[in-house]
Amino acid sequence: TVYAQDSWEVSPRLRVNLGVRAEGQFMSGDTGVAFWIAPEIAPRVGVVFQPGELGVQKVYGSVGRFYEQIPMWAAGIWTGLASQTYGTYPQNPLVDTTGGVVQGGSSVGEGVGRNLKGQYYDEVTAGYERRLGRAYRIGVRGTFRTLRWAVDDGAPDPDSPWTMGNPGRGALAYLPRARRDYTALELTLERSGGPLTFLASYVISRNRGNYTGLFATAPGHFGPHSGPQFAFPE
């Protein structure tokens, strides 16, 4: 990862913050199959303006792109070796194991689609803050965050090999694109100085889309990037 950032005081009332982050994720494991997600370019810009008397109030906004770092659990599933054993019984196997069929299987990781894009979202924020007296400050901030691409695995049918990619493109073009839009409004009240300091906030928010996030909350699946949300077309 490399990044550069700067803050430019255009005038006593106006400040501009600029930055860009470039990174790549390179993964390999016991299977000997290596792959990477690169380049990931994340620009960011922010503006702060002080109207009226300096130091009393400010209006600010920012736009940025944010990439997710693939957790080691997911990288291990894609590039590692695994095995499992399962059985089918005509009755409760805790009571009687006769007549059961035990099967075993092994896995050598999952295929990786070409030109894989990292999972990332774009975010826009805008807000206002004002000082009340010497100790108090109130503020309001709006946030909109939209998922651009997700990373998950899927297969055209149960007998096909599993492939890790971006739902909606490339090897997983047969799946719908993952969508998740987050909208929020936050109100804050802060007190600093004196014997009592606090920061209180209230957030009202809403998520829309077909993707609950890294963890499939509906079925309770814990594996990031490998949940059942985009397993098969149906």
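Throughout this document, residue positions are counted from 1 along each chain, in the order its sequence is written. The model is predicted, so local features are restricted to residues of pLDDT at least 70 and side-chain atom pairs to those at 80 or more, both for listing and for counting; the totals for chains, interfaces and linings are taken over all residues. Computation of side-chain values covers all heavy atoms of the structure but excludes hydrogens and water.

Moving on, we get to the sheet that holds strand S7 (residues 111-112). We call two strands paired when DSSP finds no fewer than two bridges between them. The helix count covers DSSP runs of H or I at least four residues long, the strand count covers runs of E at least two residues long, and both are numbered beginning at the N terminus. Overall, mixed pairing links the three strands, which are arranged S7-S11-S10 in an open sheet. Each edge of the open sheet carries a strand with a single partner, namely S7 and strand S10 (152-154). Across three bridges, S10 lies against strand S11 (residues 163-165) in antiparallel orientation. Considered in S11, the bridge of Gly-154 is made with Thr-163.

What follows concerns the environment of Ile-204. Relative to the elements of secondary structure, Ile-204 occurs in strand S13 (residues 198-209). Spatially, the C-alpha atom of Ile-204 lies 9.9 Å from that of Gly-142, the residues being 62 residues apart in sequence. When checking whether two residues touch, look at their non-hydrogen atoms; a contact exists if any pair is within 4.5 Å. If we ignore the near neighbours within four places in the chain, the residues touching Ile-204 are Thr-183, Ala-184 and Leu-185.

Here we come to the sheet that holds strand S2 (residues 14-27). The pairing of strands in a sheet happens through backbone hydrogen bonds and is either parallel or antiparallel. The strand order across the open sheet built from eight strands is S1-S2-S3-S4-S8-S9-S12-S13, with neighbouring strands paired in antiparallel fashion. Strands at the two margins of the open sheet, each flanked by one partner only, are strand S1 (2-9) and S13. Adjacent strand axes in the sheet meet at a mean angle of 10°, parallel and antiparallel pairs treated alike. Pairing of strand S8 (residues 120-132) with strand S9 (residues 136-149) involves 13 bridges; the strand directions are antiparallel. Within S9, the residue paired with Glu-129 across the bridge is Gly-139. Note on geometry: axes are lines fitted to C-alpha atoms, helical ones only across the stretch in contact, with angles between N-to-C directions running from 0 to 180 degrees.

This brings us to helix H1 (residues 72-79). Taken residue by residue, H1 has Ala-74, Ala-75, Trp-78 and Thr-79 as its buried positions. For H1, the angular spread of buried residues about the axis comes to 115°, placing them on one side. Structurally, H1 contributes buried residues whose contacts are with S2, strand S3 (35-49) and S11. Exposed residues in this analysis have more than 50% of their type's maximum accessible area, buried residues have under 20%, and partly exposed residues fall in between, with area computed by a 1.4 Å probe over protein chains only. Working definition: the arc comes from the directions between the helix axis and the C-beta atoms, pointing outward to the latter.

For the purposes of this section, nonpolar cores are sets of buried Ala, Val, Leu, Ile, Met, Phe, Trp, Tyr and Cys residues that join through side-chain atoms within 4.5 Å. Counting residues in hydrophobic clusters, the biggest one holds ten residues: Met-27, Phe-35, Ile-37, Ile-70, Ala-74, Ala-75, Trp-78, Leu-116, Val-151 and Met-164. Looking at this core, the elements that each hand over two or more residues are S3 and H1. Counting residues in hydrophobic clusters, the runner-up holds seven residues, among them Leu-147, Ala-150, Leu-175 and Phe-230.

Time to look at the pattern of salt bridges. We count a salt bridge whenever a side-chain nitrogen from Lys or Arg sits within 4 Å of a carboxyl oxygen from Asp or Glu. Applying the stated rule across the entire model yields nine salt bridges. Asp-122 is paired through a salt bridge with Arg-148; the nearest N and O atoms lie 2.8 Å apart. Here Asp-122 is found in strand S8, whereas its partner Arg-148 is found in strand S9, with 26 residues between them in sequence. Its relative accessible area of 32% is what places Arg-148 among the partly exposed residues. Between Glu-190 and Arg-137 there is a salt bridge whose closest N-O contact spans 2.5 Å. You can see Glu-190 sitting in strand S12 (residues 180-191) and its partner Arg-137 sitting in strand S9, a full 53 residues away along the chain. Its relative accessible area of 34% is what places Arg-137 among the partly exposed residues.

Glancing now at the packing of aromatic side chains. Here a pair means two rings of Phe, Tyr or Trp (six-membered ring of Trp) with centres within 6.5 Å. Their orientation is stacked below 30 degrees between planes, edge-to-face above 60, and tilted elsewhere. Scanning the model with the defined rule gives four aromatic pairs in all. With centroids separated by 5.4 Å and ring planes inclined at 25°, the aromatic side chains of Phe-66 and Tyr-121 adopt a geometry described as stacked. Highlighted residues: Phe-66 in strand S4 (residues 57-67) and Tyr-121 in strand S8, separated in sequence by 55 residues. The class for Phe-66 is partly exposed, based on a relative accessible area of 24%. Centre to centre, the rings of Tyr-211 and Phe-230 are 6.1 Å apart; their planes meet at 40°, and the pair counts as tilted.

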